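# Understanding the architecture of this molecule
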Amino acid sequence: MLRQDYELVVGLEVHAQVSTQSKLFSGSSTAFGAEPNTQTCPIDLGMPGVLPVLNDKVVEAAVRTGLALNAHINKTSVFARKNYFYPDLPKGYQISQYDLPIVEHGRMTVDLEDGSSKEIGITRIHIEEDAGKSVHDIGDEKVSHVDLNRAGVPLMEIVSEPDIRTAEEAGAYVKKLRAILRFLEVCDGNMEQGSMRCDANVSVRKRGETKFGTRTEIKNLNSIRNIVRAIEYEAERQVEAIENGEKIYQETRLWDAGKNITRSMRGKENAHDYRYFPDPDLLPLRLKEDDIEAWKKTLPELPDQLKDRFMRDYSLNNYDAAVLSGSRESARFFEAALEGGRDPKLVANWIMVELFGALNKSGKDITESPVSPAQLGQLVGLIEKNTISGKIAKTVFEEMLQSSADPEEIVKAKGLVQITDTGAIEKAIDDIMAANADQVADFRSGNERVYGWFVGQVMKATQGKANPAMLNDLLRKKLQG
Amino acid sequence: MSTIDIDLVARLADLSRLEFSEAEKKTLQGEIGRILDFISVLEEVNTDGVSPMSSTMSAETTRAREDVVTEEDKRDAYLKIAPASEMGFYVVPRVVE
């Protein structure tokens, strides 16, 4: 935890690969995982005499993303050259957008675990091309190997305002942004494959200070977990440095996930002199109002709308609704499990606690769930009908995870039907009381703690199948005599 | 006459990955200075209220194409004209620090 007298300030830059067949300015394929350098052409390689031609799907994706983030769409935007030399950038410049990006001034709401929400500003979204990849760990150690398949792949860089104040907010921001991109189907959001990457600008300042502290930029954040951990580490590091009277340098730092630290990348000061200028190979991009309006109509139900609907129609709280609307798959699972009029709160709990817990443990996605939405709904139905108790339901659920069998079958096969027959429960209580006169006397003389012991004994005698509410009722009555 | 200092020449050379002797830097200092003089006449124009122009074809929009793969794999031909390659990669002097 950061010291109370310091405040963290974070802005995030997210690079999202736009889901396209072909590159931003050429007809080369963007398919992931191809053999090195098999997806390039003279445009990607920076050969003389070629001209870039813009992929119109990327324009549509950027505009729709801008609309989904409540942003202003610039009718005119300009492509610029960002100049630097690196072997994975064949042209010696990256085509990007600089002072006139396609999207500006958006905002997004993030939902936090304590149930609160917070609005984060989106500074801008610009379109740019990716660089290639340098591989340093094969062959002779004096050389690097360059794969240019990624050179020219279309990206949207989505830049947030420095509105983020905790590492948790940063994680929630990236999660929400990823959900929105996936709902829009403009980016697959796969951080391991690099189709979504994140850099964090981090600074700290004394609480009450209005000026920002000197920031560092952390790169190499390839998962939400790493984003959170890197920001936590970097904030602590900066506070410690300031407290020791050291200066914070504006620099790029690399997150080392193995060691859990950020470290300085030396000698990169010059790299920030990019000498941007408008790319003479490309005319300004001018959008027609009609096109923007048409794209607006293609926007799907977005996470926030889905969340609001879940809160309104199913009376879920803010956080539960946010989690379940966090992906289309989980939203679909939830609504399918509700079929037949199940209690939404109960279904939500079973999905969020038991199902997500089990999926997490086995490293599976909700689309790979061994339990179908209908089966989960049936299980909740059995609890609602008092056929089984919540406790037994957990046993049944374990079995469902293993065998993918229907809950009714498991309950039947294992004889787990709850005892709701008053007579049977009463008999079990009577037997136990008769065999344990001492404990009965103990309870009657005021030792309330023995009560729990009796519950346990009766449950044991009924193999856990006694309806808990009925058991409770009868037991108390009988013990009180 | 506009002058640029020799450190700026060194910095531009560094950014351009070019190496110059001190004598060459001196020559360039003079030449770049004269280029800047030549175009500095532009600074005399009053541009208040004029928005920046990034293209002379200011009414046009850039051409766009459909998102279709049109290129085939010609890796061997491209690798052949590179100074060095192996295992399907271009080989360059090590770039990581």
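Relevant structure appears above.
Residues numbered from 1 in each chain as written. Chains lettered and ligands numbered in written order. Predicted model: local features only at pLDDT ≥ 70, side-chain atom pairs only at ≥ 80, totals over all residues. Heavy atoms only, no water.

### Observations regarding the interface of chain A and chain B
Counting from both sides, the interface comprises 52 residues of chain A and, opposite them, 40 residues of chain B. Linking chain A with chain B are one salt bridge. Between B:R11 and A:D273 there is a salt bridge, and its shortest N-O distance comes to 2.9 Å. Joining chain A to chain B, the criterion identifies 24 residue pairs in polar contact (both at pLDDT 80 or more). (Contact = heavy atoms within 4.5 Å. Salt bridge = Lys/Arg side-chain N within 4 Å of Asp/Glu carboxyl O. Polar contact = N/O pair within 3.5 Å; in protein donor to acceptor, adjacent residues only side chain to side chain.)

### Overview of the environment of A:F443
Of note, A:F443 is situated in helix α13 (residues 437-444). In this structure A:F443 touches A:E448, A:V450, A:Y451, A:R476, A:L479 and A:Q480, once residues within four positions along its chain are discounted. (Helix = DSSP H or I, 4+ residues; strand = E, 2+ residues; numbered from the N terminus.)

### Quick notes on the sheet that holds strand β10 (residues 143-147) of chain A
Ordered by their spatial adjacency, four strands build an open sheet running β9(A)-β10(A)-β3(B)-β2(B), and the pairing between neighbours is antiparallel. The sheet terminates laterally at β9 (133-135) of chain A together with β2 (85-86) of chain B, the two strands that pair on one side only. Where β2(B) and strand β3 (residues 89-93) of chain B come together, two bridges link them in antiparallel fashion. Across the sheet, B:E86 pairs through a bridge with B:F89, a residue of β3(B). (Pairing = 2+ DSSP bridges.)

### Regarding a negative patch on the surface
Side chains of A:E232, A:E236, A:E240 and A:E246 sit close together on the surface and give a patch of like negative charge. For A:E240, the position within the fold is in helix α3 (residues 224-243). (Patch = residues over 30% accessible without salt bridge, like charges linked within 9 Å, V, L, I, M, F, W, Y side chains within 5 Å. Areas by Shrake-Rupley, 256 points an atom, 1.4 Å probe, with all protein chains shown as cover. Lys, Arg positive; Asp, Glu negative; His and termini not counted. Charge placed at Lys NZ, Arg CZ, Asp CG, Glu CD.)

### Describing the pattern of salt bridges
All names here are of chain A. Tallied over the entire structure, the rule returns 33 salt bridges over all chains. Between D130 and R150 there is a salt bridge, with the nearest N and O atoms lying 3.2 Å from each other. Of this pair, D130 sits in the loop between β8 (117-129) and β9 while R150 sits in the loop between β10 and β11 (154-160), placing them 20 residues apart in sequence. On the basis of relative accessible area, R150 is assigned to the partly exposed category, the value being 30%. A salt bridge links K259 to D256; the shortest N-O distance between them is 3.7 Å. You can call D256 buried: its relative accessible area is 16%. (Buried < 20%, exposed > 50% of the residue type's maximum accessible area, 1.4 Å probe, protein only.)

### Describing the side chain of A:N74
Residues and elements named next belong to chain A. Secondary-structure assignment places N74 in the loop between β3 (72-73) and β4 (76-77). The exposure class of N74 is buried, given its relative accessible area of 9%. There is a polar contact of 3.2 Å between the side chain of N74 and the side chain of H72. A distance of 2.7 Å separates a polar atom in the side chain of N74 from the backbone oxygen of P101. In this structure, N74 is in contact with P101, I102, E104 and L287, ignoring residues within four places of it in sequence.

### Observations regarding the pairing of strand β5 (residues 79-83) of chain A
Across a regular strand the side chains alternate sides, sitting on one face of the sheet and then on the other. Residue and element names in this part refer to chain A. Among the five residues of β5, five are classified as buried, and the element is accordingly described as predominantly covered. Burial along β5 is two-sided: F79, R81 and N83 and A80 and K82, pointing in opposite directions, are all buried. Bridging between β5 and strand β6 (residues 93-97) involves five bridges; their strand directions are antiparallel. Its bridge partner lying in β6, F79 is registered against Q97. Pairing between β5 and strand β16 (residues 277-278): two bridges, direction antiparallel. Paired with R81 across the bridge in β16 is F277.

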